Amino acid sequence: MSDERFDRIETQISELRELVQQGFVGMMQDITVMKQDITSMKQNANAVREDVESLRRRIDSVEGTLLIAIRDGFKAQSDYADDLNYDLSNNERKTRRLSRRVARLERTNED
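Residues numbered from 1 in each chain as written. Predicted model: local features only at pLDDT ≥ 70, side-chain atom pairs only at ≥ 80, totals over all residues. Heavy atoms only, no water.

Scanning the protein for helices and strands turns up one helix and zero strands. Its C-alpha atoms give the protein principal-axis dimensions of roughly 160 × 15 × 10 Å. Counting only carbon and sulfur atoms, one obtains 56% of the accessible surface of the protein, whose full area is about 10,600 Å². Of the side chains in the protein, 19 bear a positive and 22 a negative charge, and the two mean positions are spaced by 16 Å. (Helix = DSSP H or I, 4+ residues; strand = E, 2+ residues; numbered from the N terminus. Areas by Shrake-Rupley, 256 points an atom, 1.4 Å probe, with all protein chains shown as cover. Lys, Arg positive; Asp, Glu negative; His and termini not counted. Charge placed at Lys NZ, Arg CZ, Asp CG, Glu CD.)

This is the structure in structure tokens:
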């Protein structure tokens, strides 16, 4: 092999070595960026998980509030119906008393 050819091969090997090193450095940088992206994705996933948990708690709270409001509404309606029934029965009693009184007064007037 001639010296010229040997020098050319040596130069090509040197250039190839530089290209391989640059490629290796580029790959290492890409791997570092990918690791950062994965870390960021994990943080985002954790944030989404926390948001979902927060929404679940809020939904549970709203459901509880609605159940209380519905139950209290039914209770208020039931109490109101009970009050009306009491007033009706009270009025019925008063009406019977008045009817008896009127009947007595009518008998007294007839005598």
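Structure shown, so let's carry the discussion forward.
A separate point is a negative patch on the surface. A grouping of Asp3, Glu4, Asp7 and Glu10 is seen on the molecular surface, where their side chains present a negatively charged patch. With respect to the helices and strands, Glu10 occurs in helix 1 (residues 3-110). Residue classification places Glu10 among the partly exposed positions, given a relative accessible area of 47%. (Patch = residues over 30% accessible without salt bridge, like charges linked within 9 Å, V, L, I, M, F, W, Y side chains within 5 Å. Salt bridge = Lys/Arg side-chain N within 4 Å of Asp/Glu carboxyl O. Buried < 20%, exposed > 50% of the residue type's maximum accessible area, 1.4 Å probe, protein only.)

Another point: a nonpolar patch on the surface. Together, Phe24, Met27, Met28 and Ile31 give the surface a local cluster of nonpolar side chains, amounting to about 390 Å² of exposed area. Assignment of secondary structure puts Met27 in helix 1.

Next up on the list: the pattern of salt bridges. For the structure shown, the criterion picks out two salt bridges. A salt bridge links Glu53 to Arg56; the nearest nitrogen and oxygen atoms lie 2.8 Å apart. One end of the pair, Glu53, and the other, Arg56, are both in helix 1, three residues apart, so they sit about a helical turn from each other. For Glu53, a relative accessible area of 33% gives the class partly exposed. The class for Arg56 is partly exposed, based on a relative accessible area of 48%.

Attention now moves to the environment of Leu19. Here Leu19 shows up in helix 1. The spacing of Leu19 and Asp60 is 41 residues in sequence and 60 Å in space, taken between C-alpha atoms.

Moving on: the environment of Glu110. Its place among the elements puts Glu110 in helix 1. Sequence-wise, Glu110 and Thr95 are 15 residues apart; in three dimensions their C-alpha atoms are separated by 22 Å.

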